[in-house]
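Here is how the chains run, residue by residue.
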Amino acid sequence: MTMNCPGLSTFDASTLAAMIRSGKISAGEVLEDALARIGRFNPHLNALVTVDAAGARAMACRVDQDRREGRPLPPLAGVPLSIKDAFATRGLRTTASHRPLADYLPDRDATVVARLRAAGGVIVGKSNLPELAGAPHCWSPLFGLTRNPWDPELTPGGSSGGAAVAVAAGFSLLDAGSDLAGSIRIPAAYCGVAGFKATENRIPRTGHIPHLPVRFGGARSVRHMLSLGVLARSVADLRLGYALLAGPDGEDMEVPPLASAKPGAPLPEKPLRLALWTDLGLPLCPRTRAAMDALPAVLRAAGHELCCTAPPGLDPEALREIFGLVGGAEIGLGLPAWQRALVLAAGPLLPATGRMLRAVARGMRCDLHGYNRALNRREEAIATLEAFLGEVDAVLCPVATCVAYPGRPMGPWARPPVMEVAGQRLPYLEASIGLTVPFSVTGSPVAVLPAGVVDGLPVGVQVVGRRWGEAALLDVAARLEPLLGGFRPPPLCGG
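Novice: Tell me what's going on with the environment of G28, and back it up with residues and numbers.
Specialist: For G28, the position within the fold is in helix α2 (residues 27-45). C-alpha separation for the pair G28 and K84, spaced 56 residues apart in sequence, amounts to 23 Å. In this view, G28 contacts A60 and D64; residues no more than four positions away in its chain are not counted.

Pasting the structure below:
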């Protein structure tokens, strides 16, 4: 860079976009800094699996030319972006880490990609994920293991693991993510960045894999609980990304024609009313427990009202069961017959402690009556949480039972590990996604904020808001962000 600054190790997208618009720095200089960081750190971290240096340079050149010629620049003009490899990118390899798609070149962009391009973002590449976004870790059968930038022996989480690493390491400053069971929230927490999943059906899923493209025999089966969103470094960037991506596209017919996603009037500067819910029926590791235990003093010292309580009438174990039943039924429809038969055969052999995995197996074999009962239970849970959120500004929860754990290759049919958390042995699904799936069941918007670094590893906190209340939730998150410390660059990548 020609300016006297630390490059991309500290900026967020909103700040950098303003600097490019003002002429303090060029899009070309920003991009070359990003490409240099990718060249230096990506071979070890393996966050980006496809890098499009030529396409990115062409886009950055157009941004700089527009600025020189006085044309107005869109909101993300010149900002390096990465795209989770589950989203179709026109003319750029899109695999979803699925072998049949290893050489797939889409002829059109996913809706979220098209909207980010229209906003002037410079796409530097595609970020790694587990096969078909189907796991809370980040091992790909095509591209291998992605490593956590805080400790390369640890996982960055998944499925948006490459996205979180790319943003933390400064390869990009924003990445589009998707979240069925915590796939935005877990990597954000494990890598110390911010994440946001919008209300279910708020951002179009057009061009997201799964389901597979039609030419590969794809047919949509997952109808509930999948939400899209962004990973970034600040709440300002989450707000910007959400505003750009939300709203109908005329193709995903389950996205309602709601009013604009632009921010509404900010919350009045009065104390927030917050609920802290840490007992969701699973243990917390010492680092996570320490971060959660520190929250009440910090929030009350800032003048906010805090009640340490669970929403009355919500049973987290029941929510995990509902997730398994609905998710199992819908995901199972999309599996080949032999894979579905394998899961069904294994169901009775699963340990009694793996209640969520057993619910997934039950969901795969439930009839229409059972599926409908699960959806009715889901509807009741949504109503219960919404009623509670009518009394508080947000609910705060831990993201996961533990911080990042050792990464390893783990295919979809590998025997999942049993994880020890605070002296208790937990099945892998419960330990990894057990605290995120309750808010997948309710379809709630959730922001994840860095909540500090404990003994060298980041911890995140979920901030849960009312359905369709993204603007208000992001206002709450913006007020909490400075109290919790915000993004810190990982020390292995220039932090």
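Novice: Tell me about the packing of helix α9 (residues 316-333) against helix α11 (residues 355-365), and please be specific about residues and values.
Specialist: Two elements in contact, α9 and α11, have axes separated by 7 Å at closest approach and are oriented at 40 degrees. Of the two elements, α9 crosses α11, and the hand of that crossing is right-handed. Residues E317, R320, E321, F323, G324, L325, G328, A329 and G332 of α9 form the contact with α11, whose own contacting residues are R355, M356, A359, V360, R362, G363 and M364. Taken together, the residues of the contact of α9 with α11 break down into 7 nonpolar, 4 polar and 5 charged.

Novice: Give me the lowdown on the pairing of strand β2 (residues 80-84), citing residues and values where you can.
Specialist: The element β2 is extensively covered by neighbouring structure, given that 5 of its 5 residues are classed as buried. Burial along β2 is two-sided: P80, S82 and K84 and L81 and I83, pointing in opposite directions, are all buried. With 5 bridges connecting them, β2 and strand β3 (residues 122-127) associate as parallel partners. Considered in β3, the bridge of K84 is made with S127.

Novice: Can you lay out the packing of aromatic side chains for me, pointing to particular residues and giving the numbers?
Specialist: Per the stated rule, a full pass over the model turns up 4 aromatic pairs. Between W277 and F439, the ring centres sit 6.1 Å apart and the planes meet at 85 degrees, which makes this aromatic pair edge-to-face. Of this pair, W277 sits in the loop between β9 (273-276) and α8 (286-301) while F439 is found in helix α14 (residues 437-441), placing the two residues 162 residues apart along the sequence. Looking at W277, the relative accessible area reads 2%, which means it is buried. With a centroid separation of 6.0 Å and an interplanar angle of 90 degrees, the aromatic rings of Y405 and Y428 are classed as edge-to-face. A residue pair is termed long-range when its members are at least 10 positions apart, and Y405 in the loop between β11 (394-398) and β12 (418-421) and Y428 in helix α13 (residues 428-433) qualify at 23 residues. Exposure class is identical for Y405 and Y428. Each is buried. Aromatic ring contacts, followed pair by pair, group Y190, Y405 and Y428 into a single cluster.

The rules behind each value
- Residues numbered from 1 in each chain as written.
- Predicted model: local features only at pLDDT ≥ 70, side-chain atom pairs only at ≥ 80, totals over all residues.
- Heavy atoms only, no water.
- Helix = DSSP H or I, 4+ residues; strand = E, 2+ residues; numbered from the N terminus.
- Contact = heavy atoms within 4.5 Å.
- Axes fitted to C-alpha atoms, helices over the stretch in contact; angles between N-to-C directions.
- Left-handed = near helix turned anticlockwise from the far one by under 90°.
- Nonpolar A, V, L, I, M, F, W, Y, C, P; charged D, E, K, R; others polar.
- Buried < 20%, exposed > 50% of the residue type's maximum accessible area, 1.4 Å probe, protein only.
- Pairing = 2+ DSSP bridges.
- Phe/Tyr/Trp six-rings, centres within 6.5 Å; stacked < 30°, edge-to-face > 60°.

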